[in-house]
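What the coordinates show
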Amino acid sequence: MELIVVALAVLSVAALVVTWSASRLDHLHTRLERMDATLDAELLRRSMATLELATSGVLDPASALLLADAAHRARSAPRDEREEAESALTEALVAVLDDPDGLPSAEVPEWGRELVDDVGVATRRVQTARRLYNGTVTVTRARRRSPFVRAFHLAGRAAMPEAIEFDDRVPAAFQR
């Protein structure tokens, strides 16, 4: 009888550990989905702020066209082309806003400086959101690779999360 009680206790503890591990893994996947949605929202904000700056009349026509095109491509890129399109938008922002002749502060009206500042804030938020997302991916991947999770197949059929890599530099114009 004692052996049965001990066996039930061990099975109960094992069931609790498996349940807790599955719950933790599910929480990580849910957090990853929230982080992905946050990153998508921040990318959309950056492209919209860039598009607003490009169409404001503050920039020279060539710079405005370059930014508008890059922002539109980033906004409308399919998910599998997102990283390339976002890197291109970053490169366009760096090319336009880090140009010493790009935005002479004496000639830009207050509302124009606010548009530029909005792009700077959006750019920093994209960088933060991508880093948080990739950090969550790292934690989730490590948890899924643990022998315990693999032995009990706790991840189910969920795809292994992948980090999102694109150029998210903050132009030097925003680092002053």
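This write-up is about the structure you can find in this document. (Residues numbered from 1 in each chain as written. Predicted model: local features only at pLDDT ≥ 70, side-chain atom pairs only at ≥ 80, totals over all residues. Heavy atoms only, no water.)

**Side note on a negative patch on the surface**
- Residues Glu-52, Glu-114, Asp-117 and Asp-118 make up a contiguous surface patch of negative charge.
- Counting residues per element, the negative patch draws most heavily on helix 4 (residues 110-145), which supplies three residues.
- Mapped onto the elements, Asp-117 comes out in helix 4. (Patch = residues over 30% accessible without salt bridge, like charges linked within 9 Å, V, L, I, M, F, W, Y side chains within 5 Å. Areas by Shrake-Rupley, 256 points an atom, 1.4 Å probe, with all protein chains shown as cover. Salt bridge = Lys/Arg side-chain N within 4 Å of Asp/Glu carboxyl O. Lys, Arg positive; Asp, Glu negative; His and termini not counted. Charge placed at Lys NZ, Arg CZ, Asp CG, Glu CD. Helix = DSSP H or I, 4+ residues; strand = E, 2+ residues; numbered from the N terminus.)

**Quick word on helix 2 (residues 61-76)**
- For helix 2, built from 16 residues, the straight-helix expectation of 22 Å at 1.5 Å per residue is met to within 8% by its first-to-last C-alpha distance of 22 Å.
- Every buried residue of helix 2 is listed here: Ser-63, Ala-64, Leu-67, Ala-68, Ala-70, Ala-71 and Ala-74.
- Against the buried residues of helix 2 lie helix 1 (2-54) and helix 3 (82-97). (Expected span 1.5 Å × (residues − 1). Buried < 20%, exposed > 50% of the residue type's maximum accessible area, 1.4 Å probe, protein only. Contact = heavy atoms within 4.5 Å.)

**A few points about the packing of helix 1 against helix 4**
- The geometry of helix 1 relative to helix 4 is characterised by a closest axis approach of 8 Å and an angle of 160° between their N-to-C directions. By the angle between their directions, the pair helix 1 and helix 4 is classed as roughly antiparallel. As for the relative orientation of helix 1 and helix 4, their crossing is left-handed in sense.
- For the contact of helix 1 with helix 4, the residue count by class is 19 nonpolar, eight polar and 12 charged. (Axes fitted to C-alpha atoms, helices over the stretch in contact; angles between N-to-C directions. Parallel < 35°, antiparallel > 145°, perpendicular 65-115°, else oblique. Left-handed = near helix turned anticlockwise from the far one by under 90°. Nonpolar A, V, L, I, M, F, W, Y, C, P; charged D, E, K, R; others polar.)

**A closer look at the pattern of salt bridges**
- Taken as a whole and judged by the stated rule, the model has 13 salt bridges.
- Two residues, Arg-79 and Asp-40, come together in a salt bridge whose shortest N-O distance is 3.3 Å. Highlighted residues: Arg-79 in the loop between helix 2 and helix 3 and Asp-40 in helix 1, separated in sequence by 39 residues.
- Note on Asp-40: relative accessible area 29%, which makes it partly exposed.
- Among the ionic pairs, Arg-73 bridges to Asp-69, the shortest N-O distance being 3.0 Å. Residue Arg-73 and its partner Asp-69 are both found in helix 2; the two are separated by four residues, about one turn of the helix.
- Taking relative accessible area as the criterion, Arg-73 reaches 52% and is therefore assigned exposed.
- Each member of the salt-bridge network shares a partner with another, and the members are Asp-36, Asp-40, Arg-79 and Arg-82.

Honestly, it's all geometry; don't read function into it.
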